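Structural features, examined
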Amino acid sequence: ERALHYFDTENDDINLTEGISLVKTDEIPVGRSLNDVDLPEEAEARENEIDTLLVERIARFFGTHTLQFKVPKESIQDMQRALEESRGKKKEKKKYLLPLLLLFKLKLAALLPLAIGFLALLSFKALVVGKIALLLASIIGLKKLFESKKENYEVVAHPHYSHEDHSYARALREAHDLAYNAYKR
């Protein structure tokens, strides 16, 4: 209810902080005030009615006010002074930087033919290595083509085991017979 009362009575400009304010641009249309409305006695119905009125007042208030930003004059003067100082320093930097850039450009112009020659040498080397690899591959391929085909068989000796009747084999057979005796019948 206090918020409703505030929006009913506040119609002027509102200064939020230094340089930021809400400025009244239009006349606020006259609507029903909090005193004109009969609020219900039941708490929930009263709260719903107040919420509806509050949303209506806030929308009407922001419809007639504009948010305004102003930069303080001291800040503008500080920025102008900083810009003037930086321009003076730029001139000094250019005086020393320009000859260095010209030397770098001259050095780059002298080294450019050397770099191009180095790249040409690398590409020629790659071409020669590629041709040698092609020659070796063709020699190996021709050698395999004309070589006589011989088939070799390797004989591997495997040891022979005798199947003697050991005691553990007998026990295994007896256990098997006992386990599956019922299935045999």
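Our subject is the structure listed above.
All of the points below concern the structure found in this document.

Analysis parameters
Each chain carries its own residue numbering, running from 1 in the direction its sequence is written. Local features in this predicted model are restricted to residues whose pLDDT is 70 or higher, and side-chain atom pairs enter the listing and the counts only when it is 80 or higher, whereas totals over whole chains, interfaces and linings include all residues. Calculated side-chain values reflect all of the structure's heavy atoms, with hydrogen atoms and water omitted. Helical segments are the DSSP runs of H or I of at least four residues, strand segments are the runs of E of at least two, and each set is numbered from the N terminus. Exposure categories follow from relative accessible area, calculated using a 1.4 Å probe and restricted to protein chains: below 20% of the type maximum is buried, above 50% is exposed, and the middle band is partly exposed. Only heavy atoms matter for contacts: two residues are in contact if any of them lie within 4.5 Å across the pair. Each accessible area is a Shrake-Rupley estimate made with a 1.4 Å probe; only the visible protein chains count as cover when residues are assessed. Each patch groups residues whose relative accessible area exceeds 30% and which form no salt bridge, using 9 Å between like charges and 5 Å between nonpolar side chains of Val, Leu, Ile, Met, Phe, Trp and Tyr. We count a salt bridge whenever a side-chain nitrogen from Lys or Arg sits within 4 Å of a carboxyl oxygen from Asp or Glu. Lys and Arg are tallied as positive, Asp and Glu as negative. Neither His nor the chain termini are counted. Charge positions come from single atoms, namely NZ of Lys, CZ of Arg, CG of Asp or CD of Glu. At least two DSSP bridges between two strands are required for those strands to pair. Note on definitions: angles span 0 to 180 degrees between N-to-C directions of axes, and those axes are lines fitted to C-alpha atoms, for helices only across the stretch in contact. Should an angle fall under 35 degrees it is taken as roughly parallel, and over 145 as roughly antiparallel, whereas 65 to 115 is taken as roughly perpendicular and any remaining angle as oblique. Definitions for this section: a left-handed crossing has its near helix turned counterclockwise from the far helix by less than a right angle. A right-handed crossing has that turn clockwise. Any residue that is not Ala, Val, Leu, Ile, Met, Phe, Trp, Tyr, Cys, Pro, Asp, Glu, Lys or Arg is counted as polar, Gly included; the first ten are nonpolar and the last four charged. By this rule the span expected of a helix is its residue count minus one, scaled by 1.5 Å. Of all possible arcs, the one meant is that of the directions from the helix axis to the C-beta atoms.

**Remarks on the overall build of the protein**
A tally of regular secondary structure across the protein gives five helices and three strands. Looking at the protein residue by residue over its 185 residues, the buried ones come to 9%. Taking contacts inside the protein between residues at least 6 apart in sequence as the whole, the part at least 24 apart equals 72%. Accessible area of the protein: about 17300 Å², with a carbon and sulfur share of 62%.

**A closer look at a negative patch on the surface**
On the surface, Glu42, Glu44, Glu47 and Asp51 cluster together into a negatively charged patch. Tracing the sequence through the fold places Glu42 in the loop between strand S2 (20-24) and helix H2 (43-64). Under the relative-accessibility criterion, Glu42 is labelled exposed at 54%.

**Digging into the environment of Leu16**
Along the chain, Leu16 turns up in strand S1 (residues 14-17). Note: C-alpha distance between Leu16 and Gln68 (52 residues apart in sequence) is 9.9 Å. For Leu16, the contacting residues outside a window of four places in its chain are Ser21, Leu22 and Leu67.

**Comments concerning the pairing of S2**
Where S1 lies against S2, three bridges are found, and the strand directions are antiparallel. Note that in S2 the partner of Asn15 across the bridge is Ser21. The pairing of S2 with strand S3 (residues 65-69) spans five bridges and is classified as antiparallel. Considered in S3, the bridge of Leu22 is made with Leu67.

**Concerning the sheet that holds S2**
If you walk across this open sheet you meet the three strands as S1-S2-S3, and the pairing is antiparallel. Whereas interior strands pair on both sides, the edge strands pair on one side only; in this sheet they are S1 and S3. Between one strand and the next, the sheet's axes are offset by a mean angle of 25 degrees, whatever the strand orientation. Seen against the sheet, H2 touches S1, S2 and S3 and runs at an angle of roughly 55 degrees to S3.

**Description of the environment of Ile14**
Residue position: Ile14 is located in strand S1. Note on Ile14: relative accessible area 15%, which makes it buried. Between the C-alpha atoms of Ile14 and His65, which are 51 residues apart in sequence, the distance is 9.3 Å. If near-sequence neighbours (up to four positions away) are discounted, Ile14 is found in contact with Tyr6, Ser21, Leu22 and Phe61.

**Describing a nonpolar patch on the surface**
A cluster of nonpolar side chains, contributed by Phe124, Leu127, Val128, Ile132, Leu135, Leu136 and Ile139, occupies part of the molecular surface with about 670 Å² of accessible area. By the element assignment, Ile132 lies in helix H3 (residues 73-146).

**A look at the packing of helix H1 (residues 2-9) against H2**
Interhelical geometry of H1 versus H2 gives an angle of 30 degrees and a closest axis separation of 10 Å. One way to sum up the angle between H1 and H2 is to call them roughly parallel. The interaxial crossing formed by H1 with H2 has left-handed handedness. Along the contact surface, H1 presents Ala3, Leu4, Phe7 and Asp8, while H2 presents Ile50, Leu53, Leu54, Arg57, Ile58, Arg60 and Phe61. Here the contact of H1 with H2 is built from residues that sort into eight nonpolar, no polar and three charged.

**Description of H2**
With 22 residues, H2 ought to run about 32 Å at 1.5 Å a step, and its terminal C-alpha atoms sit 32 Å apart, in line with that. Listed in full, the buried residues belonging to H2 are Ile50, Leu53, Arg57, Arg60, Phe61 and Thr64. Within H2, the buried residues cover an arc of 100 degrees as seen down the axis, which keeps them to one side. More than 90 degrees from the buried face of H2, the exposed residues found are Glu44, Glu47, Val55, Ala59 and Gly63. In this structure, the buried side of H2 is in contact with H1, S1, S2 and S3.

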